[in-house]
Amino acid sequence: MDFFDYNKSGLMAEGVSVARIAKEVGTPLYIYSQKTLQRHFSAFATAFESVPHLICYSVKANSNLAVLRTFSDQGSGFDIVSGGELYRAIKAGADATKIVFSGVGKTDEEIEFAIKKKILMFNVESPQELRAINRVAKRLGTVAPFSIRVNPDVDPKTHAYISTGLKENKFGISVKDAVAEYAYALKSLKNLKAVGIDCHIGSQLTTVAPFIAALEKVKKLIVKLRKAGTEIKYLDMGGGIGITYDTEEPPLPSTYAEEVIKSTAGLDVTLVFEPGRVMAGNAGILVTKVIYTKESGKKRFVVVDAGMNDLTRPSLYGSFHAIKPVRPKGRAEVKADIVGPICESGDFLAKDRKIEEVEPGELLAVMSAGAYGYTMASNYNSRPRPAEVMVVGKEFEVIRKRETVADLIRGEHAKLELNTPASNKKGAKRGARKGLKKRGAKKYRPQSEDK
Ligand SMILES: *Cc1c(COP(=O)(O)O)cnc(C)c1O
């Protein structure tokens with residue numbers, strides 16, 4: 001369910017015409033509907049109303065501050081996977097005590113930052129990480145709360161790149177090893193306190209069965225851990241509920257909730273969820289302008305001003321995104337590849353797609369681009385990243401300015417200012433003349449630099 005619908009002025013984002021926003025802000029452009037974000041959150045929260053739970057929106061799906069604020073205003077916590085995401089969440093006004101920290105490669109600096117902010121818990125993904133958190137907590141003279149992310153070895157039946165709960169995946173700790181790690185932490189890691197258990201098996205799941213299969217394994221583990229004296233207060237089920245991009249029929253939050261609530265009855269835990277895609281995916285679109293159309297042999301191409309650097313999903317996962325004219329005119333449909341300006345044959349938004357015969361200058365809307373859209377965007381081919389806009393009813397606001405070419409080179413400089421090796425007299429003199437020679441800092445300087 002979203003609030004992108006057609007009326008006589010073409011595609012609308014809530015009460016604002018998409019064409020009008022594009023005219024004022026330019027393209028390519030991400031547009032989010034706040035009402036859609038709020039509705040998705042409420043649907044999830046309502047579904048779990050009857051049991052103790054905490055929703056921790058997964059920041060990596062869409063990390064714009066205004067998106068994060070929209071969720072925190074509804075009471076959401078956050079699932080983060082880096083110090084940068086923690087910084088964002090705090091800047092957006094998040095309650096740190098509702099933040100969980102996942103990810104296989106947390107550094108000491110990130111761990112320290114999170115401990116100081118007093119997050120709810122670390123979701124630990126390896127024995128070494130467990131010891132690292134203990135070490136940092138000890139240095140800071142405190143006790144850090146943790147859960148172990150168990151890898152239940154369950155097939156989520158989704159794209160290989162977004163499957164995380166199979167034993168060949170890099171994520172989590174096996175059920176067997178988790179038992180030993182909790183026991184070791186209880187006995188020997190005095191600056192850690194177990195508070196829960198965590199399990200995230202993948203993304204874009206379209207059935208509930210894998211979640212329940214993972215849950216069955218985790219439930220047994222909880223019983224075992226409690227017997228051994230470990231306290232398990234939180235059961236974090238991760239994220240992963242899919243959305244409709246094309247013809248998928250993912251479970252409704254209410255269906256998912258029903259099954260999860262039934263399966264966890266009497267377990268005496270607070271359920272934690274880390275939904276990302278299902279919150280933000282269908283709440284955003286990418287608006288792009290047709291630059292050229294061309295034909296070569298039997299093939300037709302629509303060249304647009306958004307590329308794989310703006311929306312990576314089609315190139316990275318072969319994903320489907322519906323693409324619609326912002327102002328449809330009922331013309332004949334043709335089959336075309338909709339491609340970006342990037343110098344890669346993998347740069348496409350759609351292949352062999354049936355679309356109205358569009359013309360240069362026209363706007364297209366790439367649907368379901370609210371999750372893993374902007375957050376995965378890059379500057380490849382030295383392309384400034386797009387603007388982001390939030391629509392609220394009949395109003396809209398730019399929530400991230402379009403990057404400029406000056407942004408592209410921020411932090412760079414062209415002329416090297418290395419020190420000159422002492423043996424190179426000519427160079428040394430020149431270096432001294434320019435006031436660049438630093439005592440004791442002898443850096444290699446290539447000869448060719450002097451020419
Ligand atoms: C990516 C991720 C999520 C969110 O996944 P969605 O499919 O977007 O719901 C949740 N938890 C963890 C640990 C993740 O890495």
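S.K.: Is there a simple way to think about the site of the ligand in this case?
M.R.: Not every one of the 14 residues close to the ligand is listed here, only the nearest: K60, S203, E274, R277 and Y372. Here a nitrogen atom of the ligand and a side-chain polar atom of H200 are 3.5 Å apart. When the ligand is considered free in solution it has 390 Å² of accessible area, and contact with the protein chains removes 94% of it. Judged by the fraction of its atoms near the pocket grid, the ligand is located in the largest pocket. Here the residues of the shell around the ligand sort into 2 nonpolar, 7 polar and 5 charged.

S.K.: Honestly, empty space enclosed by the protein in this entry has me stumped. Any pointers?
M.R.: Rolled over the atoms, a probe sized like a water molecule indicates the empty space that remains. All chains considered together, the criterion is met by 2 cavities of 30 Å³ or more. There is about 40 Å³ of room inside the largest cavity. Lining the largest cavity are C199, I201, F211, A214, L215 and M237. A per-class count over the lining of the largest cavity returns 6 nonpolar, no polar and no charged. By volume, the second largest cavity amounts to about 30 Å³. What lines the second largest cavity is simply F44, G238, G239, G240, I241, Y256, F273, E274, P275 and V278. Residue composition of the lining of the second largest cavity, by class: 6 nonpolar, 3 polar and 1 charged.

S.K.: Help me understand the pairing of strand 15 (residues 299–304), please; the structure alone is not making it clear to me.
M.R.: Successive side chains on a regular strand alternate, one facing one side of the sheet and the next facing the other. Inspection of the sheet shows strand 14 (residues 284–296) paired to strand 15 by 6 bridges, in the antiparallel sense. Each residue of the ladder has a partner; that of K294, found in strand 15, is F301. Two successive antiparallel strands, strand 14 and strand 15, enclose a turn made up of 2 residues, where G297 displays a positive phi of approximately 65 degrees. Across 3 bridges, strand 15 lies against strand 17 (residues 333–339) in parallel orientation. Looking at the pairing, F301 lines up with D337 of strand 17.

S.K.: Would you mind showing me how to read the side chain of R383 here?
M.R.: Along the polypeptide, R383 turns up in the loop between strand 19 (363–366) and strand 20 (387–392). Engagement of the side chain of R383 in a polar contact is seen with the side chain of D310, the distance being 2.7 Å. In this view, R383 contacts D305, A306, G307, N309, D310, P341, I342, S378 and L408; residues no more than four positions away in its chain are not counted.

S.K.: How should the packing of aromatic side chains be read in this particular structure?
M.R.: Both the distance between ring centres and the angle between the ring planes are used here to describe each pair of aromatic rings. Scanning the entire structure with this criterion turns up 15 aromatic pairs. Relative to F48, the ring of F44 lies with its centre 5.5 Å away and its plane at 35 degrees, an arrangement referred to as tilted. Like F44, the residue F48 is buried in the burial classification. Between the aromatic rings of F146 and Y182, the centroid separation amounts to 5.7 Å while the plane-to-plane angle is 25 degrees, which identifies the pairing as stacked. Here F146, found in strand 9 (residues 144–151), pairs with Y182, found in helix 7 (residues 175–188); they are 36 residues apart in sequence, far enough to count as distant. For F146, a relative accessible area of 2% corresponds to the buried category. Here Y182 falls in the buried class, since its relative accessible area comes to 1%. One aromatic cluster in this structure is built from F44, F48, F211, Y256 and F273. Between the NZ or CZ atom of K106 and the centre of the ring of F101, over which it lies, the distance is 5.5 Å. Stacked on the ring of F348, the Lys or Arg K351 has its end atom at 4.8 Å from the ring centre.

Cut-offs used in this document
- Residues numbered from 1 in each chain as written.
- Predicted model: local features only at pLDDT ≥ 70, side-chain atom pairs only at ≥ 80, totals over all residues.
- Heavy atoms only, no water.
- Near = heavy atom within 4 Å.
- Polar contact = N/O pair within 3.5 Å; in protein donor to acceptor, adjacent residues only side chain to side chain.
- Areas by Shrake-Rupley, 256 points an atom, 1.4 Å probe, with all protein chains shown as cover.
- 1 Å grid on protein atoms, 1.4 Å probe; cavity = no way out; pocket = protein on both sides within 12 Å on 5 of 7 lines; lining within 4 Å.
- Sits in = over half its atoms within 2 Å of the grid points.
- Nonpolar A, V, L, I, M, F, W, Y, C, P; charged D, E, K, R; others polar.
- Points joined across faces, edges and corners; volume = space filled by probe spheres on them.
- Pairing = 2+ DSSP bridges.
- Helix = DSSP H or I, 4+ residues; strand = E, 2+ residues; numbered from the N terminus.
- Contact = heavy atoms within 4.5 Å.
- Phe/Tyr/Trp six-rings, centres within 6.5 Å; stacked < 30°, edge-to-face > 60°.
- Buried < 20%, exposed > 50% of the residue type's maximum accessible area, 1.4 Å probe, protein only.
- Lys NZ or Arg CZ within 6 Å of the ring centre and 35° of its normal.

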